[in-house]
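Structure at a glance
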Amino acid sequence: MTTRSLNEWDQEISQAARRIQTYVSPTPMLFSDPLSREVGSPVWLKCEQFQPMGAFKIRGAANALLQLPEERRRKGAVTYSTGNHGLAVAYMCRALGVPAVVCISERVPETKVEALQELGARLEIRGQGQDEAYETAQNISTGEGRLLIEPFDDVAVIAGQGTMGVEILREVPDVDTILIPLSGGGLASGVAATLKHRRPSCRLIGISMQGGAAMHESIRQGHPVMLPEVPTLADSLQGGIGLANRWTFDMVSRLLDDIVLVSEAEIQRAMGYLAVKQGMLVEGAAAVTVAYLLRSVDSALGTVVALLTGRNVSATQSLEAITAYQGRKSLG
Ligand SMILES: *Cc1c(COP(=O)(O)O)cnc(C)c1O
């Protein structure tokens, strides 16, 4: 476990915001009338699904790669990922002329595999889960002298994701509750570091799917644990937190006010809701925040910002969610 003061994190995150601004534009913060009426208090949607490559992960990838010294860029970078982090690293590598290797498991959906190939990354597809992909990436990093870019448990990546917190405070300064999709906790740690420093009264709620929520279970047991991966609509939230976790386990434990789990049915309903009521196609990992809102209807939330983290979902899954949502409505 490693610690750093909130003040140090705040400086790290402010530097990251300056560093990445050429590559990462601020995303829209949209007021949601339907959700606000549903919940009984103002709800804003932070629309990170409109980032290049369709997810917020470009923030951390850009912050890590832009710190790589010129002479090391030629050797390249390597990463492992359930998809969106790999896409972000491949995209940023292409933009900076850094050769990229991405190690992924055989479970990663075909749409994501194709997108990685189009970006010109070398793919290493091994095994059934994040752990095998991680081992492959470590070997390639050592063997080829490539920078290993961690998906979440890394200072540069956490600080990069934390730049979203800076934008949130600029756009909705009176925010009372932020709903954050939670997997390895890079996003939650970064956003929480900014918010607990600059607006400590704001409540931060991490949200994961019911099956295979490794961070939630680790916090319950008081130390990092592994869980089997279970198929889920929120596939970008799958994966462990690392038994030798350095940063995010501690930060998420200390800085989040609560972690809640949502069911597959709730995630699917939220995907359908966002498509039908907001005209937004998002992936399951992003819809968990809205799944929670549609369940809880707790006006003590105050002014809410729900993070919509990504849009990399198959057309089939989107259509099924819309059809299920429409069907439920017509049944009354
Ligand atoms: C990676 C990811 C998350 C979770 O981020 P962590 O930093 O791993 O907690 C949430 N939503 C989407 C779409 C992602 O790609």
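Concerning the site of the ligand
- Taken together, 16 residues sit near the ligand, with K57, S183, G185, G186 and T309 positioned nearest.
- Between the ligand and T309, the relevant distance is 2.7 Å, taken from a nitrogen atom to a side-chain nitrogen or oxygen of the residue.
- Contact with the protein chains removes 97% of the 380 Å² of surface that the ligand exposes when unbound.
- Grouping the amino acids of the shell around the ligand by side-chain chemistry returns six nonpolar, eight polar and two charged.

Concerning the nonpolar core
- Grouped together as the largest cluster of nonpolar side chains are 38 residues, with contacts concentrated most on V175, I178, I180 and L256.
- For this core, the secondary-structure elements that each account for two or more residues are α1 (6-20), α8 (155-171), β7 (177-181), α9 (186-198), α10 (214-221), α11 (248-255) and β10 (304-308).
- Apart from the residues lying within four places of it in its own chain, the contact partners of L256 are I180, L182, A188, A192, L204, G206 and M251.
- One finds L179, I207, I267 and L293 within the second-largest nonpolar core, a separate group that totals 37 residues.

Quick word on the domain arrangement of the protein
- As far as domains go, the protein holds domain 1 (6-52 + 155-330) and domain 2 (58-148).
- On the domain 2 side, the residues contacting the 26 residues of domain 1 number 22 residues.
- The largest per-residue losses of area from domain 1 upon contact with domain 2 belong to R19, Y23 and E229, which jointly make up 28% of the total buried on that side.
- At the junction of domain 1 with domain 2, the criterion picks out two salt bridges.
- As a salt-bridge pair, E48 and R59 come within 2.6 Å of each other at their nearest N and O atoms.
- Our enumeration of links across domain 1 and domain 2 arrives at nine residue pairs in polar contact (both at pLDDT 80 or more).
- The set of elements that each furnish at least two residues to the side of domain 1 that touches domain 2 consists of α1 and α8.
- Sort the elements by how many residues they give to the side of domain 1 that touches domain 2 and α8 lands first, with eight residues.
- Grouping the constituent residues of the side of domain 1 that touches domain 2 by class yields ten nonpolar, nine polar and seven charged.

The rules behind each value
- Residues numbered from 1 in each chain as written.
- Predicted model: local features only at pLDDT ≥ 70, side-chain atom pairs only at ≥ 80, totals over all residues.
- Heavy atoms only, no water.
- Near = heavy atom within 4 Å.
- Polar contact = N/O pair within 3.5 Å; in protein donor to acceptor, adjacent residues only side chain to side chain.
- Areas by Shrake-Rupley, 256 points an atom, 1.4 Å probe, with all protein chains shown as cover.
- Nonpolar A, V, L, I, M, F, W, Y, C, P; charged D, E, K, R; others polar.
- Core = buried A, V, L, I, M, F, W, Y, C linked by side-chain atoms within 4.5 Å.
- Buried < 20%, exposed > 50% of the residue type's maximum accessible area, 1.4 Å probe, protein only.
- Helix = DSSP H or I, 4+ residues; strand = E, 2+ residues; numbered from the N terminus.
- Contact = heavy atoms within 4.5 Å.
- Domains from an automatic or database assignment.
- Buried area = accessible area lost by both parts, 1.4 Å probe.
- Salt bridge = Lys/Arg side-chain N within 4 Å of Asp/Glu carboxyl O.

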